[in-house]
Amino acid sequence: METDLDRLHRGMEDAPDSAAARLAFYDRLADAELCLLLAREPQDDTIEPALFDLEEGRVALAFDREERLAAFAEAPAPYAALPGRVVARMLAGEGLGLGLNLGVAPSAFLMPAAAVAWLAGALDHAPEPVVAAPATYRSPAD
């Protein structure tokens with residue numbers, strides 16, 4: 001079953017020069033619930049991602065569906081379901097990359113640590129809150 005991330009990843013791959021396609025993929029990645037593969041079962045409120053040493057550096061693995069994580073692990077595996085923005089911030093703070101759907105989906109994608117840090121930084125920018133007040137008051141007119 002194709003997911004939004006699969007579709008947007010294909011769009012990004014089909015149009016490598018399209019900033020709009022890249023931003024659409026990263027926007028969906030940030031909002032998606034990801035299943036982050038853990039090294040062990042959570043202890044209280046602490047999770048420890050399973051880390052893998054690749055040629056591109058150390059990465060954690062996440063999947064956009066539980067079924068994809070299970071297919072990758074080939075056995076029951078501990079995971080934490082977290083929004084993509086939380087995963088990006090957590091990994092960026094540790095200088096880690098992210099492997100998304102590796103080996104199990106058409107949206108398999110490897111984000112090096114620099115890309116994860118960029119995404120986390122981009123997600124930190126929020127609009128400035130504005131407080132507005134009426135300038136004048138008038139009686140209702142017909």
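What counts and what doesn't
Residues numbered from 1 in each chain as written. Predicted model: local features only at pLDDT ≥ 70, side-chain atom pairs only at ≥ 80, totals over all residues. Heavy atoms only, no water. Core = buried A, V, L, I, M, F, W, Y, C linked by side-chain atoms within 4.5 Å. Buried < 20%, exposed > 50% of the residue type's maximum accessible area, 1.4 Å probe, protein only. Helix = DSSP H or I, 4+ residues; strand = E, 2+ residues; numbered from the N terminus. Contact = heavy atoms within 4.5 Å. Pairing = 2+ DSSP bridges. Arc of directions from axis to C-beta.

Moving on, we get to the nonpolar core. Grouped together as the largest cluster of nonpolar side chains are 28 residues, with contacts concentrated most on Phe25, Leu29, Leu34 and Met111. The biggest single contributor to this core is helix H5 (residues 113-124), with five residues.

Within the element layout of this structure, Ser107 appears in the loop between strand E5 (97-100) and strand E6 (109-111). A residue is classified by how much of its surface remains accessible, and Ser107, at 0% relative accessible area, is buried. Setting aside anything within four residues of it in sequence, one finds Ser107 in contact with Leu5, Asp6, His9, Arg68, Leu100 and Asn101.

What follows concerns the pairing of E5. A regular strand places its side chains so that they alternate between the two faces of the sheet. Because side chains alternate across E5, one face comprises the buried residues Gly97 and Gly99, and the other comprises Leu98 and Leu100, equally buried. The sheet contact formed by E5 and E6 spans three bridges and is antiparallel. Pairing of Leu98 across the sheet is with Met111, part of E6.

Where strand E2 (residues 51-54) lies against strand E3 (residues 57-63), four bridges are found, and the strand directions are antiparallel. Looking at E3, one finds that Leu51 is bridged to Ala60. Once E2 ends, the chain turns through two residues before running back antiparallel as E3.

Those residues of helix H4 (residues 84-92) that sit buried are Gly84, Val87, Ala88 and Leu91. Down the axis of H4, the buried set is contained in an arc of 100°. They therefore lie on one face. Against helix H2 (19-31), strand E1 (33-37), E3, strand E4 (79-83), E5 and H5 lie the buried residues of H4.

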